[in-house]
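Commentary on secondary and tertiary structure
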Amino acid sequence: MKILAIESSCDESAVAIFDSEIGIVENLVHSQIDLHALYGGVVPDLASSEHLKKLPALIGEISKSEHFKNIDLIVATSGPGLPNCLAMGVASASALSATLGVQLKGANHLRGHAYSPFIQIHAQDPNNFEENLRPLLPHLGLTVSGGNTILFEIDENKNLKVIAETIDDAAGEALDKGAKLLDMQYPGAPLLEKIAKNGNIDKTLFPYGQNRKIEDDPDFSFSGLKTSLRYHLQKLSPEEIEKEKANICASYQFAVIEQLRRRADYFAKQKQYASIGISGGVSNNATFVSVFEKLAETRKAKFLVAEREHRGDNAAMIAFSAFFAPEALAESQNKTLKIESSRPIA
């Protein structure tokens with residue numbers, strides 16, 4: 001089965017092709033980071049305009065591929081995301097569906113992230129994927145990005161259930177906002193991580209949910225952490241902030257990751273998971289990866305992390321999700337898809 005996917009939920013324009021007998025055979029991504037950095041964050045109208053420019057070019061490029069022949073299914077991200085951006089991807093997919101006479105379906109962006117650690121498992125042995133997947137289930141997964149923080153389970157029958165999610169800011173958003181308070185350019189999270197490497201962690205400096213009983217309050221919350229950083233910086237002079245910046249970054253990053261770790265570990269203790277995985281843009285953070293790799297080792301589970309090219313927003317994960325869980329796809333009506341900006345993961 002060949003699946004062509006289009007992803008445009010935020011500020012990446014992406015097109016990919018997945019072949020069930022091979023794996024990801026095409027994966028094109030155009031990032032808008034440099035454009036939005038001028039404004040200190042994603043500007044929705046600019047993002048949708050950029051999709052309008054770049055998606056036709058990406059589709060034109062991928063149409064030259066030998067893998068573009070005999071496409072069986074076209075999938076577009078239909079939610080969640082920025083409505084205008086989603087509309088650009090859905091419109092492009094609809095036009096392509098009509099041109100090629102191929103069925104069109106909608107995919108959930110968060111499911112794409114959730115399943116992305118399994119892309120490499122499929123690529124290692126496409127013909128025996130289901131057999132190789134079985135020993136990795138049940139799976140405890142954590143998707144962490146600029147817009148989402150979701151802890152979930154995939155059971156032995158591949159059913160996905162959300163366990164906990166953020167009630168306010170996402171972890172990636174908290175890192176970016178923290179970096180902004182420290183006068184770093186957007187996107188600030190990678191810069192904060194870089195500076196944190198030279199700092200010492202003060203575990204008492206910022207809250208990480210240590211006073212909340214996880215059994216009573218399992219969801220994540222990062223807005224208070226950001227506020228705590230603001231109040232801390234207000235007590236310091238510009239010279240003191242500069243002198244302590246590495247330590248502040250290390251302590252703030254610790255507070256974000258520790259809240260993620262504590263909640264994941266709590267649920268990992270409740271049930272024997274065969275694998276523990278992370279995905280989403282924040283999984284590019286080396287400290288985050290290291291902490292969760294150790295967590296998986298402690299819980300005697302196999303550690304899975306999406307390949308670097310599949311951690312940010314990309315169409316490859318969307319195409320793969322259509323293969324992994326076809327029952328979760330949204331049906332199109334008269335070759336049009338309903339855009340759901342706040343569509344839940346399950």
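Residues numbered from 1 in each chain as written. Predicted model: local features only at pLDDT ≥ 70, side-chain atom pairs only at ≥ 80, totals over all residues. Heavy atoms only, no water.

The next subject is the pairing of strand E4 (residues 73-79). Within E4, seven of the seven residues are buried, leaving the element largely enclosed by the surrounding structure. Note that strand E1 (residues 2-7) and E4 share four bridges and pair parallel. Bridge pairing in E4 places Leu4 opposite Ile74. A crossover links E4 with its parallel partner strand E5 (residues 103-108), the connecting element being helix H3 (residues 83-100), and its sense is right-handed. (Buried < 20%, exposed > 50% of the residue type's maximum accessible area, 1.4 Å probe, protein only. Helix = DSSP H or I, 4+ residues; strand = E, 2+ residues; numbered from the N terminus. Pairing = 2+ DSSP bridges. Right-handed = clockwise from strand over helix to strand, strands pointing away.)

With that out of the way, let us pick up the state of the cysteines. Within the structure shown, the criterion is met by zero disulfides. The cysteine Cys85 is free of any disulfide, with Cys10 supplying the nearest cysteine sulfur at 6.3 Å. Owing to a relative accessible area of 0%, Cys85 belongs among the buried residues under this scheme. (Disulfide = S-S within 2.5 Å.)

This part takes up the pattern of salt bridges. For the structure on display, the rule yields 11 salt bridges. Taking the shortest distance from any N to any O, the salt bridge between Lys158 and Glu130 comes out at 3.1 Å. In this pair, Lys158 sits in the loop between strand E7 (149-154) and strand E8 (160-165) while Glu130 sits in helix H6 (residues 129-133), placing the two residues 28 residues apart along the sequence. Across the pair Asp169 and Lys226 runs a salt bridge whose closest N-O atoms are separated by 3.5 Å. Here Lys226 lies in helix H9 (residues 223-234) and Asp169 lies in the loop between E8 and helix H7 (171-181), a separation of 57 residues in the sequence. We classify Asp169 as buried; its relative accessible area is 9%. We classify Lys226 as buried; its relative accessible area is 15%. What you see here is one network of salt bridges that share partners, running through Glu258, Arg261, Asp265, Lys269 and Arg299. (Salt bridge = Lys/Arg side-chain N within 4 Å of Asp/Glu carboxyl O.)

Once that is clear, we can look at the packing of helix H10 (residues 238-270) against helix H11 (residues 286-298). The interhelical angle for the contact between H10 and H11, taken along N-to-C directions, is 25°, at an axis separation of 10 Å. Taken together, the axis directions place H10 and H11 in an arrangement best described as roughly parallel. Taken as a pair, H10 and H11 cross one another with a handedness that is right-handed. Along the contact surface, H10 presents Gln253, Ile257, Leu260, Arg261, Ala264, Asp265 and Ala268, while H11 presents Thr287, Phe288, Val291, Phe292 and Leu295. Split into classes, the residues belonging to the contact of H10 with H11 amount to eight nonpolar, two polar and two charged. (Axes fitted to C-alpha atoms, helices over the stretch in contact; angles between N-to-C directions. Parallel < 35°, antiparallel > 145°, perpendicular 65-115°, else oblique. Left-handed = near helix turned anticlockwise from the far one by under 90°. Contact = heavy atoms within 4.5 Å. Nonpolar A, V, L, I, M, F, W, Y, C, P; charged D, E, K, R; others polar.)

Moving on to the nonpolar core. The biggest cluster of nonpolar side chains holds 48 residues, and the ones touching the most others in it are Leu142, Leu151, Tyr252, Leu260, Phe288 and Phe292. The element best represented in this core is H10, accounting for 13 residues. Sequence-distant contacts of Tyr252, that is, excluding residues within four places in its chain, are made with Ala174, Leu175, Gly178, Leu192, Phe206, Leu225, Lys226 and Leu229. Leu110, Phe118, Leu136 and Leu329 belong to the second largest nonpolar core, which has 33 residues in total. (Core = buried A, V, L, I, M, F, W, Y, C linked by side-chain atoms within 4.5 Å.)

Moving on: H7. Turning to H7, its buried residues are Ala171, Gly172, Ala174, Leu175, Gly178 and Ala179. What you see down the axis of H7 is that its buried residues fit within an arc of 160°, all on one side. The inward-facing, buried residues of H7 abut strand E6 (139-144), E7, helix H8 (189-196), H9 and H10. After H7 finishes, the residue Asp183 shows a positive phi value of roughly 65°. (Arc of directions from axis to C-beta.)

As a further point, take the sheet that holds E8. Sheet architecture is open: five strands sit in the order E8-E7-E6-E9-E10, paired in mixed fashion. Either end of the sheet is taken by a strand with one partner, and the two such strands are E8 and strand E10 (302-305). On average, adjacent strands in this sheet sit at an angle of 20° to one another, irrespective of strand direction. One ladder, built from five bridges, connects E7 with E8; its direction is antiparallel. Note on E8: the bridge partner recorded for Ile150 is Glu165.

Following both chains from N to C, one finds H8 and H10 inclined at 115°, their axes separated by 8 Å at the closest point. Judged by the angle between their axes, H8 and H10 are roughly perpendicular. At the point where H8 passes H10, the crossing takes the left-handed sense. Residue-level inspection shows Leu192, Glu193, Ile195 and Ala196 of H8 in contact with H10, the latter providing Lys245, Ala246, Cys249, Ala250, Tyr252 and Gln253.

What follows deals with the sheet that holds E5. Taken in spatial order, the six strands make up an open sheet running E3-E2-E1-E4-E5-E11, and their pairing is mixed. Unpaired on one side and paired on the other, strand E3 (23-31) and strand E11 (330-331) mark the two borders of the sheet. When strand E2 (residues 12-19) meets E3, the two strands line up antiparallel, connected through eight bridges. From the neighbouring strand, Ala16 faces E3, where its bridge partner is Asn27. Strands E1, E4 and E5 of the sheet are contacted by H3, whose axis makes an angle of about 160° with E4. Here helix H12 (residues 315-324) sits on the sheet and contacts E1, E2, E3, E4 and E5; the angle it forms with E1, its principal contact strand, is near 135°.

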